[in-house]
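So the chains spell out like this:
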Amino acid sequence: MTIFLRNRRAGAAATATALTLASLAALAGTATPASASGRVTTAGPATTATALAPEPAAAPKPASPAASASPAPGDPAVPSALTLPRPTGPYATGRDTLFLTDHERTDPWVPAAGARRLLVSLHYPARPGSGGDPAPYMPEAEARLMLAQRGLDDPEWPGLVAATRTSSPTDARPAPGRFPLVLLSPGFGTPRATLTGLAEELASRGYVVATADHPYESTGTELPDGRVLTCAACDEVDAQPDEAGRRKVLAAVSAGRAADFSFLLDRLTGPRPAWRHARTIDARRVGMAGHSIGGNAAASTMAADRRVDAGVTMDGTFFDPVAARGLDGRPFLMLGTDPGHAPGAGDTSWDEGWARLDGFKRWLTVRDSGHFTFTDTPAIGEQLGIADPDAPLSAARSTAITRAYVNAFFDRSLRGRPARLLDGPTPAHPEVLFQRP
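The residue numbering used here restarts from 1 in each chain and proceeds along that chain's sequence as written. A pLDDT threshold of at least 70 governs which residues receive local features in this predicted model, and a stricter bar of 80 or more applies before side-chain atom pairs are shown or counted, although totals over entire chains, interfaces and linings include all residues. Where side-chain values are given, they derive from all heavy atoms of the structure, hydrogens and water being excluded.

Novice: Would you take a moment to explain the overall build of the protein chain for this structure?
Specialist: Numbering of helices and strands runs from the N terminus, with a helix taken as a DSSP run of H or I at least four residues long and a strand as a DSSP run of E at least two residues long. Within the protein chain one finds 10 helices and 15 strands. With 437 residues in all, the protein chain has 60% of them scored as buried. Areas reported here follow the Shrake-Rupley algorithm with a probe of radius 1.4 Å; residue values treat only the protein chains shown as occluding. A total accessible area of about 16400 Å² is found for the protein chain, and carbon and sulfur atoms account for 54% of it. To sort residues, take the accessible area from a 1.4 Å probe on protein chains only and compare it with the maximum for the residue type: under 20% means buried, over 50% means exposed, and anything in between is partly exposed.

Here you go:
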């Protein structure tokens, strides 16, 4: 996908900035990024978990005089602050962060690092008016590495992106009741923060949402001690001599995430939960969704762990194929780009996966969409003046479609509610095509 910057002066730096937004097309829509080479609970001998006090939001950095692409002072192209679309459900939302260590597994990408670790954002229905300031979007170090991988080198942008305003305060008291759990997994090379908008929307509609960062699978993951882990898994993909080798590594990424989420489920719903508000989770109702390789991980997790009742892939290739036996009749939604993920198009893994899905299923594609349509990227990019001519769907429509169909699917699958939106095309969402291969 080629991008253009609206309202930006020409120059060498501007040309460099208008590079590829994401290098995800090479492997049927999954990234192979260039590598970017306070409460504590004791959880028993096998695991430890730390609930992190949120780091303060980073302040925007001043523009460098040497950056010829930077707008002049007062240029309307420079936003004073970025915001995510507000959630639309009846609940207020809160956010916690967990740092988990699985001492029974060694990190698959950097064995010398020792035990596998996860950083997890938890969004949940909250009591209105409780809690502190809205949670920060992401650490500035993560924002800088993510933008640099995409060729976006404006010196102001890491601070702006890091300080994006969210709707979920820290330390908010949970709303009364027990709620279904939805697990979220981001794309390969992409921080978990990029699914914040969807997580907040689901939480506002009565779900607890756990979004995981998988260390060494993102351009940058900042640990509680300030260290930043970069994408060793990306290096492993890059080192492969051919596409078959790359696909094999990406299949291992998806299968490894399944192990991550089984561990996370143990720590959220087991007898000694790591999260202080774990009592709000109804462990009998669990769904999972993911973007790109995270969508593949939803199917991989369902195949490995019967506790996950329903799954969604958002434009993710099935490098780890859907299990030949199916998913034991559990429902699955495939939501992707059109025509890239239409039947018989470039990603044949969707045709093969569809044939194996053996429960309620839907195959939806979205006109004018791009690989990142289903994340926060359109909302943030539009405020920064980024245009992708190959994905002209507006941020507002991208957000509305993703929220509507993912929420309808989980309402049907986890709550047994009618979801007429999934029955066929609707005038409210003319971009959405129902595929019936």
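So much for the structure itself; the text now carries on.
Novice: How should the state of the cysteines be read in this particular structure?
Specialist: Defined simply, a disulfide is a covalent bond joining two cysteines at their sulfur atoms. We call a pair of cysteine sulfur atoms a disulfide whenever their separation is within 2.5 Å. For the structure shown, the criterion picks out one disulfide. Between the sulfur of Cys 231 and that of Cys 234 lies a disulfide, 1.9 Å long from S to S. Measuring handedness by torsion sign, the sulfur bridge of Cys 231 and Cys 234 sits at about 70° and is right-handed.

Novice: Please explain the pattern of salt bridges as it appears in this structure.
Specialist: Any two side chains of opposite charge can pair, so long as their charged atoms come close to each other. For salt bridges, the criterion is a side-chain nitrogen of Lys or Arg within 4 Å of an Asp or Glu carboxyl oxygen. One pass over the structure, following the stated rule, counts 23 salt bridges. Note that Asp 213 is salt-bridged to Arg 192, the shortest N-O span being 2.8 Å. One end of the pair, Asp 213, is in strand β7 (residues 208-213); the other, Arg 192, is in the loop between β6 (179-185) and α4 (196-204), and 21 residues separate them in sequence. In this structure, Asp 213 and Arg 192 share a single accessibility class: buried. Note that Glu 217 and Arg 257 form a salt bridge whose closest N and O atoms lie 2.7 Å from each other. Pair noted here: Glu 217 is in the loop between β7 and β8 (221-222) and Arg 257 is in helix α6 (residues 243-269), with a separation of 40 residues, a long-range link. Judged by its relative accessible area of 1%, Arg 257 falls in the buried class. Sharing partners across several salt bridges, the network here consists of Asp 102, Arg 105, Asp 107, Arg 116, Glu 217, Arg 257 and Asp 260.

Novice: Please explain helix α8 (residues 348-356) as it appears in this structure.
Specialist: Quick reminder: α-helices carry 3.6 residues per turn. Residues three or four places apart thus point the same way. Looking at α8, one finds that the buried residues are Ser 349, Trp 350, Gly 353 and Trp 354. Projected onto a plane normal to the axis of α8, the buried residues spread over an arc of 135° and lie on a single side. Of the surrounding elements, those touching the buried residues of α8 are β11 (310-314), β12 (332-338) and β13 (361-367). It is the directions from the helix axis to the C-beta atoms whose arc is reported. In this description, contact between two residues means that some pair of their heavy atoms is separated by no more than 4.5 Å.

Novice: Would you take a moment to explain the packing of α6 against helix α7 (residues 293-304) for this structure?
Specialist: Axes are the key here: two packed helices are described by the angle between their axes and the distance separating the axes. Under this scheme, a helix contributes an axis fitted over its contacting stretch, all axes are lines through C-alpha atoms, and angles between N-to-C directions fall in the 0 to 180 degree range. With their axes 8 Å apart at the nearest point, α6 and α7 run at an angle of 55° to one another. If you check the angle between α6 and α7, you find them oblique. Note that α6 runs across α7; the crossing there is right-handed. Listed contacts from α7 to Leu 250, Val 253, Ser 254, Ala 255, Arg 257, Ala 258 and Phe 261 of α6 are Ile 293, Gly 294, Asn 296, Ala 297, Ser 300, Thr 301 and Ala 304. Gly falls in the polar group here, along with every residue not listed as nonpolar (Ala, Val, Leu, Ile, Met, Phe, Trp, Tyr, Cys, Pro) or charged (Asp, Glu, Lys, Arg). When the residues that make up the contact of α6 with α7 are grouped by side-chain class, the tally is eight nonpolar, five polar and one charged. Roughly parallel means an angle under 35 degrees; roughly antiparallel, over 145; roughly perpendicular, 65 to 115; everything else is oblique. By definition, turning the near helix anticlockwise from the far helix through less than a right angle yields a left-handed crossing, and turning it clockwise yields a right-handed one.

Novice: Just checking my understanding: could you explain the packing of aromatic side chains for this structure?
Specialist: In this description, a pair of aromatic rings is defined by centroid distance and the angle of the planes. Only Phe, Tyr and Trp rings take part, Trp by its six-membered ring, and two of them pair if their centres are within 6.5 Å. Stacked means planes under 30 degrees apart, edge-to-face means over 60, and tilted covers everything else. Scanning the entire structure with this criterion turns up eight aromatic pairs. On the numbers, 5.6 Å between centres and 50° between planes, the contact of Trp 354 with Trp 363 is tilted. The buried category is assigned to Trp 354, whose relative accessible area is 15%. By relative accessible area, Trp 363 is classed as buried at 1%. Here, a charge over a ring is recorded when the distance from Lys NZ or Arg CZ to the ring centre is within 6 Å and its angle to the ring normal is within 35 degrees. Sitting over the face of the ring of Phe 360, Arg 412 holds its NZ or CZ atom 3.6 Å from the ring centroid. Directly above the aromatic system of Tyr 207 lies the positively charged group of Arg 415, at a separation of 4.1 Å from the ring centroid.

Novice: Even after reading the chapter, I still don't get unusual backbone geometry, so can you show me in this structure?
Specialist: The general pattern is negative phi for most residues beyond glycine and trans for most peptide bonds. Following Asp 338, the chain continues into Pro 339 via a peptide bond in cis, with omega recorded as 10°. Here Pro 339 is to be found in the loop between β12 and α8. You will see that Asp 171, though not glycine, has its phi angle at about 60°, which is positive. At Asp 315, a position not held by glycine, the phi torsion is positive, near 65°.

Novice: For this particular structure, what's the right way to read the packing of α4 against helix α10 (residues 395-415)?
Specialist: As a packed pair, α4 and α10 sit with axes 10 Å apart at the nearest point and diverge in direction by 45°. Relative to α10, the element α4 lies oblique. In this structure, α4 crosses over α10, and the sense of that crossing is right-handed. Residues Gly 197, Leu 198, Glu 201 and Leu 202 of α4 touch α10, and the partners they reach there are Thr 402, Arg 403, Val 406, Asn 407 and Phe 410. Broken down by class, the residue content of the contact of α4 with α10 amounts to four nonpolar, three polar and two charged.

Novice: What am I meant to see in the pairing of strand β10 (residues 281-291) here?
Specialist: For a regular strand, the rule is simple: side chains alternate between the two faces of the sheet. Most of β10 sits inside the fold, with eight of its 11 residues counted as buried. For two strands to pair, DSSP has to find at least two bridges joining them. By the bridge criterion, six bridges tie β6 to β10 in an arrangement that is parallel. Its bridge partner lying in β10, Ser 185 is registered against Gly 290. Pairing analysis gives five bridges linking β10 to β11, with the strands arranged parallel. When the sheet's bridge partners are listed, His 291 is paired in β11 with Met 314. Seen with the strands pointing away from the viewer, any crossover whose path from the first strand over the helix to the second strand runs clockwise is right-handed. Of the crossover connections in this fold, the one passing from β10 over α7 to the parallel β11 is right-handed.

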